[in-house]
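The residues making up each chain are set out below.
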Amino acid sequence: MVDQTTPDEHAVVPFLRAGPPPDRTRWEGWQQWRKIRDTFVPAPHLTLAEHQYLSPRRRALHDLHRTATHVNMRLQETPMSMRVANLMRGRLQNNAMKFMPGTRDGLMINGGGFQGKTETACDAAASFEDVRRNIHHQLLPGRTPGTRDVFVPVAYCRLPVRATPKGLCKAILNVYGDPHPGTLDDLVRAVRDAIRDHHTSALLIDDVTRLRLHREDDQDTLDLIRELMDLNVTLVLIGVDIPGSGLLRGAYVDPRTGQWVFPDVKNGKNHEAMAATQTGRRFDMVDLDPFDYSTLAGITAFLDHLAGIEEQLRLLRSFTGMLTTGEMPEYLFDRTRGVVGLLRRLIEDGCAEAITTREERLTKELLARTTIHLGNLNDLDEGAGEIPEIPQDVTSPQPESPRKRGRNTVLDDRGERPAAGD
């Protein structure tokens, strides 16, 4: 059995990545990521005895494959992410089927740092693109004279840290690999042509709350973002604490639809010539929240998520219930406050520690000496809330004093029900 499930002595190692990771802000990188996002093959499950039976080289390769498995765990749906993904897929699909020109209702995805907003939005957009490409291939199987050959139904970009209308235009043009004209008017025109000629249906703009609306450049950038909705494209804006960022200034909630409505840019503002209609720009805002540990439904969802993680781990001494029984669930929640990204980093680093120390399982004691590392933060803006606060001094879920929050007992069996014959 071992010989069939582990790499041969001279076989190519398929789980190692060649070259840099895909850059989703370029259409080529987006296509690479879209095609491989569900193709990673995790390491096989081996017992401790089977692992020791391997040759030294094959044992080292298997340990490397286990590490790759732990840092490439599949994206798990949560009740929160399912709500966001379903709304987004429905909005993209509905808008893509509209034939008449005009403003397309957009979507704002709001949440804290490291809560999975980007991955949830990108995965939903990639699923939408899978369908669009299949339809496009049936309708236009070959090249169409007079049009651009590259079909880019989804464009993903990130707002620069210091946002300007020119910077946003350049970020969008970079997706297509198009040149950057010198003037703002030419940049806006190039963006408009690129979105139209590449048949882009969805434009995702990440880190939108980097905008500081006390600056005139940032206000002009937000105006430009709103006017892009007139290009028959669905705008998906992703950011941290959108309600508290100031981006909704001037917007109001339509009592009939519950949508946020942004009034049109007033006459005389920049890019006014680009506006094709005089209707309000409408957005739905959906929150991607962390797990909630104060309700039965929230605890159940968190336990289900931990069970999904547990199934993906390849520790030699792991066991069913390692993450979901005893005090471990509450400890993991206390360490991460239910933030998916922090939980993922804690588990990744904990697994690395378990393999290095040969403990080969996760315990509270091992995790207590494991620091949550957030990786490279150079491209994150702390001022925009993109770096979450990591709970400190959480070593174990010891009983707390009566003045502090007590342990959640929703799922406890209190043994208070009388017997049937009593």
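Note that the structure is predicted; figures quoted are calculated from it, not measured. (Residues numbered from 1 in each chain as written. Predicted model: local features only at pLDDT ≥ 70, side-chain atom pairs only at ≥ 80, totals over all residues. Heavy atoms only, no water.)

Enquirer: Help me understand unusual backbone geometry, please; the structure alone is not making it clear to me.
Expert: Comment: phi is negative for the bulk of residues other than glycine, and the bulk of peptide bonds are trans. Phi is positive for Asp 207, which is not a glycine, with a value near 60°. Relative to the elements of secondary structure, Asp 207 occurs in the loop between strand 3 (202-206) and helix 9 (216-227). Taking relative accessible area as the criterion, Asp 207 reaches 9% and is therefore assigned buried. At Glu 360, a position not held by glycine, the phi torsion is positive, near 60°. Positionally, Glu 360 belongs in the loop between helix 13 (340-356) and helix 14 (364-368). What makes Glu 360 buried here is its relative accessible area of 5%. (Helix = DSSP H or I, 4+ residues; strand = E, 2+ residues; numbered from the N terminus. Buried < 20%, exposed > 50% of the residue type's maximum accessible area, 1.4 Å probe, protein only.)

Enquirer: When you look at the pairing of strand 2 (residues 154-158) in this model, what are you seeing that I'm missing?
Expert: Moving residue by residue along a regular strand, the side chains alternate between the two faces of the sheet. Counted residue by residue, strand 2 has 4 buried out of 5 residues, so it is predominantly covered. The pairing of strand 2 with strand 3 spans 5 bridges and is classified as parallel. In the sheet register, Val 154 faces strand 3, and the bridge partner there is Ala 202. (Pairing = 2+ DSSP bridges.)

Enquirer: Got a minute to help me understand the confidence of the model for the protein in this structure?
Expert: Predicted coordinates in areas of low pLDDT are best not read in detail. Confidence in the prediction for the protein averages 83 pLDDT; 78% of positions are at 70 or higher. Predicted confidence in the protein is weakest over helix 1 (residues 2-5), with a mean pLDDT of 44, and strongest over strand 2, with 97. Here residues 1-7 is modelled with pLDDT under 50, and outside its nearest four sequence neighbours on either side it reaches 13 contacts, counting other chains as well. This model gives residues 416-422 a pLDDT under 50, and the stretch forms 0 contacts once residues within four places in sequence are excluded. (pLDDT = per-residue confidence, 0-100. Contact = heavy atoms within 4.5 Å.)

Enquirer: Hey, could you run me through helix 11 (residues 296-312) in this one?
Expert: For the α-helix, the turn length of 3.6 residues means that residues three or four positions removed from each other point alike. Along its 17 residues, helix 11 runs 25 Å from first to last C-alpha, staying within 8% of the 24 Å computed at 1.5 Å per residue. Turning to helix 11, its buried residues number three or more, namely Gly 298, Ile 299, Ala 301, Phe 302, Leu 303, His 305, Leu 306, Gly 308, Ile 309, Glu 310 and Gln 312. Where helix 11 is buried, its residues contact helix 4 (56-71), helix 5 (79-96), helix 12 (328-336) and helix 13. (Expected span 1.5 Å × (residues − 1).)

Enquirer: For this particular structure, what's the right way to read the side chain of Thr 363?
Expert: You can see Thr 363 is positioned in the loop between helix 13 and helix 14. In terms of polar contacts, Thr 363 uses its side chain to reach the backbone amide nitrogen of Leu 366, at 3.1 Å. (Polar contact = N/O pair within 3.5 Å; in protein donor to acceptor, adjacent residues only side chain to side chain.)

Enquirer: It is not clear to me how the sheet that holds strand 6 (residues 260-262) should be interpreted in this structure. Could you clarify?
Expert: Each strand in a sheet pairs with its neighbour through backbone hydrogen bonds, running either in the same direction (parallel) or in the opposite one (antiparallel). With respect to topology, 7 strands assemble into an open sheet ordered 2-3-4-1-7-6-5, the strand pairing being mixed. On the outer flanks of this sheet lie strand 2 and strand 5 (252-253), each paired with one strand and no other. Pairing of strand 5 with strand 6, which is carried by 2 bridges, proceeds in the antiparallel orientation. Bridge pairing links Tyr 252 to Val 261 in strand 6.

Enquirer: Could you clarify how one ought to interpret the packing of helix 7 (residues 165-176) against helix 9 in this entry?
Expert: The packing of two helices is summarised by the inter-axis angle and the distance between the axes. Running from N to C, helix 7 and helix 9 cross one another at 45°; their axes reach a closest spacing of 8 Å. With respect to helix 9, the axis of helix 7 lies oblique. Packed against helix 7, whose contacting residues are Pro 165, Leu 168 and Cys 169, the element helix 9 presents Asp 217, Asp 220, Thr 221, Leu 224 and Ile 225 at the interface. Residue classes in the contact of helix 7 with helix 9 are distributed as 5 nonpolar, 1 polar and 2 charged. (Axes fitted to C-alpha atoms, helices over the stretch in contact; angles between N-to-C directions. Parallel < 35°, antiparallel > 145°, perpendicular 65-115°, else oblique. Nonpolar A, V, L, I, M, F, W, Y, C, P; charged D, E, K, R; others polar.)

Enquirer: Is there a simple way to explain the nonpolar core in this structure?
Expert: Side chains of a nonpolar character, in soluble globular proteins, are inclined to be buried together. Counting 54 residues, the largest nonpolar core has Met 88, Leu 204, Leu 313, Leu 323, Leu 332, Ile 347 and Leu 362 as the members making the most contacts within it. At 7 residues, helix 13 tops the list of elements feeding residues into this core. Contact partners of Leu 362, with chain neighbours within four places excluded, come to Leu 313, Leu 315, Met 322, Leu 323, Met 328, Ile 347, Gly 350, Cys 351, Ala 354 and Leu 367. (Core = buried A, V, L, I, M, F, W, Y, C linked by side-chain atoms within 4.5 Å.)

Enquirer: Help me understand the packing of aromatic side chains, please; the structure alone is not making it clear to me.
Expert: Centre-to-centre distance and the angle between the planes together describe a pair of aromatic rings. In this structure the tally under the stated criterion is 7 aromatic pairs. Ring centres 5.9 Å apart and planes at 90° place the aromatic pair Tyr 293 and Phe 302 in the edge-to-face group. Taken individually, Tyr 293 and Phe 302 each receive the classification buried, so the pair is uniform in this respect. Of the aromatic side chains, those joined through ring pairs into one cluster are Phe 291, Tyr 293, Phe 302 and Phe 333. Against the face of Trp 33 rests Arg 24, its NZ or CZ located 4.8 Å from the ring centre. In this arrangement the basic side chain of Arg 37 is found over the ring face of Trp 33, its NZ or CZ atom lying 5.9 Å from the centre. (Phe/Tyr/Trp six-rings, centres within 6.5 Å; stacked < 30°, edge-to-face > 60°. Lys NZ or Arg CZ within 6 Å of the ring centre and 35° of its normal.)

Enquirer: Help me understand the environment of Arg 91, please; the structure alone is not making it clear to me.
Expert: Relative to the helices and strands, Arg 91 resides in helix 5. Not counting residues up to four positions away in its chain, the partners in contact with Arg 91 are Asp 105, Gly 106, Thr 234, Gln 259 and Asp 284.

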